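The primary structure of each chain is shown beneath.
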Amino acid sequence: MITTTRLASVLAVLGIACGGDSSSTPDDTTGSETSPDETSSSGSTTAPMTTTTNPDATGPADTTADPPGDCDRTTRYTLYDGQACGRVFVGDVDGDAFADLVAFGQDPEAVITPISQTLHTFEGSGIGLQMAEVHCCTDASRNGSGAIFDINGDMHGDAIWTSERTVFSDDVGSTEFTIEKTVRGPERGWVGDGVVLFHGDDLPPPVFTIGRITPQETGVLAIADGALHSMLGTGDQLGLEIVRSLVLDPMPTIHALATVEFDGIQGVDVVGVGPDGLSLWGGSLEGTFTDAVVTKLPGEYTAMQSIDTDLDGARQIVLFGAGEPVAFVDSDGDGNLTVVTTGTPTLDRPGQIIAVDSGVYPDLVAKDGDNLVYYPGDGKGFGDAVVLAPIGDVNGIAFGDFDANGFDDIVACDEQGLLVVYHADE
């Protein structure tokens, strides 16, 4: 059983004063995933490690370099045990309806496919993020993505993520890809780790998303092991089982997945983006899927978001690719797709669509140079970038309303390995 200790001294919080008014804006990035041959089923688990952290013996990581700027809306947190912030994602971990934050800590000295060894959970409340709990020991690379999903049905979110790592056999290196999970127990502690899906470097990496599998069921949709899988939590502490699969032949390379109703037939559809374009698997009321219909794209896109950007009641797919203009994908309701890049900026990294200001339409958050910026949305495209904060280089971006003020706060890992939170309070 994994033991956790709430640490009053876990964080060194650096409040940073920033130039700029309260109407400034943000920027972002997104990850991708991969999957291989199923050596462990969704019900199998690995033996968890047990640890108790002594806050007197180990302190937060030192940061000697100056932060990249001064921001009164920006707070930086150091992770415990000298770990650098490597990956962040948001969900409701403690079941109180406030957004919480999960950050993977990794060895700051690692230079090749860093492996995270601790998982830090920061609980949101009416006043912001609270002190972290530290959980040992996870195995998650910097590459990939994650999410929070209630696997065991206890109304508390559990961590699920993808990893990429290099393994050696007879001094020959190969790449392994996994989808893994750490499940929270009934009383604050986390009860164990497990591998959901696994395969080696002979197949594309796994990718997953959280969404509706049928109109009544929410679960995990994953492309791994040569198939599109629907997975549900079993409610038995660690279980996450495959309930339906569609064999994909040939196996496509998919960078990101999303769920949306796109083909005009009742049921939840799955959309994937990859080098070949946009793949649409039509869903049914029973949770089965048709073979993919592929639409060519004007560039190579690696990340996506499903959101109603023009507030007409129908969701669009927003696509991001390095050096590509942000693309909107709309459906006419019969499965015919239109791809539009008019009025959208070209980003060096993926972004996120969130409501940053008090305008009617959602905005685009991204990184521009060393700044976190946002592009105000007008329902058809985006205006000029507005600087939110100097942030330096960042790895990944996520958002959630941690202080329950009605505005999403923006989080990322910066170039110094610190967790950065930009507090939105328009």
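Residues numbered from 1 in each chain as written. Predicted model: local features only at pLDDT ≥ 70, side-chain atom pairs only at ≥ 80, totals over all residues. Heavy atoms only, no water.

Along the backbone of the protein chain there are 0 helices and 32 strands. Accessible surface, the protein chain as shown: approximately 17000 Å² in total, 48% of it carbon and sulfur. (Helix = DSSP H or I, 4+ residues; strand = E, 2+ residues; numbered from the N terminus. Areas by Shrake-Rupley, 256 points an atom, 1.4 Å probe, with all protein chains shown as cover.)

Counted by the stated rule, this structure contains 3 salt bridges. For Arg76, the salt bridge identified is with Asp414, shortest N-O distance 3.3 Å. On the criterion of sequence distance, the pair formed by Arg76 in strand 3 (residues 74-77) and Asp414 in strand 31 (residues 409-414) is long-range, its members being 338 residues apart. Like Asp414, Arg76 is buried. As a salt-bridge pair, Arg349 and Asp393 come within 2.4 Å of each other at their nearest N and O atoms. (Salt bridge = Lys/Arg side-chain N within 4 Å of Asp/Glu carboxyl O. Buried < 20%, exposed > 50% of the residue type's maximum accessible area, 1.4 Å probe, protein only.)

Following Asp249, the chain continues into Pro250 via a peptide bond in cis, with omega recorded as 5 degrees. Of note, Pro250 is situated in the loop between strand 15 (240-247) and strand 16 (256-260). The phi dihedral of Asp225 is positive, around 55 degrees, even though this residue is not glycine. Tracing the chain through its elements places Asp225 in the loop between strand 13 (217-224) and strand 14 (227-233). By relative accessible area, Asp225 is classed as buried at 19%. Located in the positive-phi region is Leu311, a residue other than glycine, with phi close to 60 degrees. Within the secondary structure, Leu311 is located in the loop between strand 20 (303-307) and strand 21 (316-320). Of the residues examined, Leu311 reaches a relative accessible area of 45% and is grouped as partly exposed.

Now for the state of the cysteines. In a disulfide, the sulfur atoms of two cysteines are covalently bonded to one another. Evaluated as defined, the whole model comprises 1 disulfide. Between the sulfur atoms of Cys85 and its disulfide partner Cys413 the distance amounts to 2.0 Å. Between Cys85 and Cys413 the sulfur-sulfur dihedral comes to about -45 degrees; the bridge is accordingly left-handed. Pair noted here: Cys85 is in strand 4 (residues 84-91) and Cys413 is in strand 31, with a separation of 328 residues, a long-range link. Classification of Cys413 as buried rests on a relative accessible area of 0%. (Disulfide = S-S within 2.5 Å.)

We now examine the packing of aromatic side chains. Here the structure, examined in full by the defined rule, presents 4 aromatic pairs. Seen in terms of ring centroids, Phe328 and Phe382 are 5.8 Å apart; in terms of plane orientation they differ by 20 degrees. Their pairing is stacked. Pair noted here: Phe328 is in strand 23 (residues 327-331) and Phe382 is in the loop between strand 28 (371-375) and strand 29 (386-390), with a separation of 54 residues, a long-range link. Judged by relative accessible area, Phe382 falls into the buried class, the value being 12%. Members of the aromatic cluster, connected to one another through ring pairs, are Phe89, Phe104 and Trp161. (Phe/Tyr/Trp six-rings, centres within 6.5 Å; stacked < 30°, edge-to-face > 60°.)

Spatial ordering of the open sheet is given by 26-27-28-29, a layout of 4 strands whose pairing is antiparallel. Each edge of the sheet is formed by a strand with only one pairing partner; in this case those strands are strand 26 (352-354) and strand 29. The average angle at which neighbouring strand axes cross in this sheet is 30 degrees, direction not considered. In this structure, strand 26 lies alongside strand 27 (residues 363-368), joined through 3 bridges in antiparallel fashion. Its bridge partner lying in strand 27, Ile354 is registered against Asp363. (Pairing = 2+ DSSP bridges. Axes fitted to C-alpha atoms, helices over the stretch in contact; angles between N-to-C directions.)

Attention now goes to the side chain of Asp158. Structurally, Asp158 is set in strand 9 (residues 158-169). At 2.7 Å, the side chain of Asp158 forms a polar contact with the backbone nitrogen of Ile151. What Asp158 contacts, discounting residues up to four positions off in sequence, is Ala147, Ile148, Phe149, Asp150, Ile151, Asn152, Thr182, Val183 and Arg184. (Polar contact = N/O pair within 3.5 Å; in protein donor to acceptor, adjacent residues only side chain to side chain. Contact = heavy atoms within 4.5 Å.)

Strand order across the open sheet formed by 4 strands is 12-13-14-15, with antiparallel pairing between neighbours. Two strands in the sheet have a free side with no partner beyond their single neighbour: strand 12 (207-214) and strand 15. The sheet shows a mean angle of 30 degrees between the axes of neighbouring strands, taken without regard to direction.

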